[in-house]
Amino acid sequence: SPNKEIGLEEEGLMVTDISGASVWLKAPAERVVCLFDPALDAIYMLQKEDKLVGILNNVYLDEQLHPYYAVMDPRIAAKEIPIVGSNKEAHMERIIALNPDLVIIQGSQEGSVAMLREMGIPVYCVSGQQTEEVFKEMSDIATLLGAAERGAELLRLTHAGFDSLAVQSERLQHKKTAYFAWAYGRIFSTTGTNSIMHTCLE
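Below you will find a few notes about this structure. (Residues numbered from 1 in each chain as written. Predicted model: local features only at pLDDT ≥ 70, side-chain atom pairs only at ≥ 80, totals over all residues. Heavy atoms only, no water.)

This brings us to the overall build of the protein. In terms of regular secondary structure, the protein is built from 10 helices and 6 strands. Taken over 202 residues, the protein has a buried fraction of 39%. Long-range contacts, defined as pairs at least 24 residues apart, comprise 49% of the intrachain contacts of the protein with a sequence gap of at least 6. For the protein, the accessible surface area stands at approximately 12200 Å², while carbon and sulfur atoms represent 55% of it. (Helix = DSSP H or I, 4+ residues; strand = E, 2+ residues; numbered from the N terminus. Buried < 20%, exposed > 50% of the residue type's maximum accessible area, 1.4 Å probe, protein only. Contact = heavy atoms within 4.5 Å. Areas by Shrake-Rupley, 256 points an atom, 1.4 Å probe, with all protein chains shown as cover.)

Written as structure tokens, this is what we have:
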């Protein structure tokens, strides 16, 4: 039905996250905690940053992130949005105190996910590794935040960009190979094909 296409289920919004769990909201989320950098980027691209009540500590601590987020959001410039954990660890007491109606968290934080769900807090797990996962997560987050139209617009723009790059790539006679090593001198730490860096390099 048309309702299912935009995530409307039983007079609410429903999507399925990377863990296979159904995430149902009666209405678009108004109080969002986000503990995953790419999902935070998505929230800003969706122009729904006003819904954020808790974020990951990297936003304030990482010198490569903070200046850019600070330009987009005066609350980040002033470090006013509470930090409630990181990509790897959630501070449960801080999250609960914020009374969120949606927590977006990396799926690898299984213990935190289970605990939040046991308390009846809707949790959307993300991974953001493969291209199709990234697209689905953008669409799902857009649905949960009541920004499905903006999400679809962003995905159309992205697909058009991918198509343009594919055409340019086909015209290259001599293609080069690339090896990605992590920064800060970790030259023997690389990435496999099932990773976001492989996706970026492609």
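Scanning all chains against the criterion turns up 2 aromatic pairs. Arranged with centres 5.7 Å apart and planes meeting at 55°, the rings of F135 and F162 form a pair that is tilted. Separated by 27 residues along the polypeptide, F135 in helix α8 (residues 131-144) and F162 in helix α9 (residues 148-171) bring together distant segments of the chain. Residue F135 is classed as buried on the basis of its relative accessible area of 10%. Look at F162 and you get partly exposed, because its relative accessible area is 41%. (Phe/Tyr/Trp six-rings, centres within 6.5 Å; stacked < 30°, edge-to-face > 60°.)

We now examine a nonpolar patch on the surface. A surface patch of nonpolar side chains, about 250 Å² in accessible area, is lined by I96, M115 and M119. Positionally, I96 belongs in helix α6 (residues 92-97). (Patch = residues over 30% accessible without salt bridge, like charges linked within 9 Å, V, L, I, M, F, W, Y side chains within 5 Å. Salt bridge = Lys/Arg side-chain N within 4 Å of Asp/Glu carboxyl O.)

For the largest pocket, the calculated volume is near 880 Å³. For the largest pocket, the lining is made up of 32 residues, of which F36, D37, P38, G128 and I196 are closest to its centre. Taken together, the elements giving at least two residues each to the lining of the largest pocket come down to α2 (37-45), α8, α9 and α10 (196-201). In terms of residue count, α2 provides more of the lining of the largest pocket than any other element does, 6 residues in total. Considered as a void within the structure, the second largest pocket measures approximately 680 Å³ in volume. Looking at the second largest pocket, it is lined by 24 residues, and the ones nearest its centre are H198, T199, C200, L201 and E202. With 6 residues, the single largest contributor to the lining of the second largest pocket is α9. Within the lining of the second largest pocket, the residues separate by chemical class into 10 nonpolar, 11 polar and 3 charged. (1 Å grid on protein atoms, 1.4 Å probe; cavity = no way out; pocket = protein on both sides within 12 Å on 5 of 7 lines; lining within 4 Å. Points joined across faces, edges and corners; volume = space filled by probe spheres on them. Nonpolar A, V, L, I, M, F, W, Y, C, P; charged D, E, K, R; others polar.)

For α8, which comprises 14 residues, the first-to-last C-alpha distance of 20 Å matches the rise-based estimate of 20 Å (1.5 Å per residue) to within 8%. Among all positions of α8, only F135, E137, M138, D140, I141, A142, T143 and L144 are buried. Contact partners of the buried residues in α8: β1 (13-16), β2 (22-25), α2, β5 (102-106), β6 (123-126) and α9. Count one or two residues on from α8 and you reach G146, which has phi positive near 70°. (Expected span 1.5 Å × (residues − 1).)

It is worth spelling out the pairing of β2 at this point. Burial along β2 is one-sided: V23 and L25 are buried, and none of S22 and W24, which face the opposite way, are. Sheet analysis places β1 next to β2, joined by 4 bridges and oriented antiparallel. The partner of M14 across the bridge, within β2, is W24. From the end of β1 to the start of β2, which pair antiparallel, there are 5 residues, and G20 there has a positive phi angle of about 90°. (Pairing = 2+ DSSP bridges.)

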